[in-house]
Amino acid sequence: MDDRKCPECNSDELIEGLLSASMGLTFIPDDEKGFIKKSSLVSALACRKCGAVFGLRLKNKPDKLTD
Ligand SMILES: [Zn+2]
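The rules behind the values
For every chain, the first residue of the written sequence is number 1, and numbering continues from 1 along that sequence. In keeping with the model being predicted, local features are shown solely for residues with a pLDDT of at least 70 and side-chain atom pairs are shown and tallied solely at 80 or more, while totals for entire chains, interfaces and linings include all residues. Labels follow the DSSP assignment, with helices taken as runs of H or I lasting at least four residues and strands as runs of E lasting at least two, numbered in each case from the N terminus. Neighbour counting defines burial: a residue surrounded by 20 or more other C-beta atoms within 10 Å of its own C-beta is buried, one with 12 or fewer is exposed, and intermediate counts give partly exposed, using backbone-placed C-beta atoms. DSSP bridges decide pairing: two strands pair if at least two such bridges lie between them. The contact criterion used is a C-beta to C-beta distance within 7 Å, with each C-beta placed from the backbone.

Caption draft 1: View of the overall build of the protein chain. From N to C terminus, the protein chain includes zero helices and four strands. Along the chain direction, N to C, the helices and strands of the protein chain fall in the order β-β-β-β. Out of the 67 residues in the protein chain, the part that is buried amounts to 3%.

Caption draft 2: The pairing of strand β4 (residues 53-58), seen in detail. Here strand β3 (residues 40-47) pairs with β4 via four bridges, running antiparallel. Paired with L45 across the strands is F54, a residue of β4. Counting the residues that bridge the hairpin from β3 to β4 gives five residues, and of these G51 lies at a positive phi of roughly 85°.

Caption draft 3: Representation of the pairing of β3. In the sheet, strand β1 (residues 14-18) pairs with β3 via five bridges, with the strands oriented antiparallel. When the bridges of β3 are listed, G17 appears paired with A44.

Caption draft 4: Geometry of unusual backbone geometry. Backbone geometry places N10, a non-glycine residue, at a positive phi of 70°. Mapped onto the elements, N10 comes out in the segment before β1. Here N10 falls in the exposed class, since 10 other C-beta atoms lie within 10 Å of it.

Caption draft 5: Representation of the environment of C9 within the structure. Looking at the secondary structure, you find C9 in the segment before β1. Each C-alpha atom of the pair C9 and C47 lies 8.6 Å from the other, and the pair is 38 residues apart in sequence. Apart from the residues within four sequence positions on either side, C9 is in contact with C47, K49 and C50.

Set out below in structure tokens:
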């Protein structure tokens, strides 16, 4: 499954992690409805070779965010 490569230097030495602003960087949809705020942490890949950060991805199921 690991055909993921750095878009900058094409290295496959990638590190997966969460973007964090102390409590974790979160994504909140613009069109959220209801009283309960739905949000998702954002994960990303970083290249061990050149330090590029890419592949931002919601950790929670994106289709659940705007239910
Ligand atoms: Zn790279």
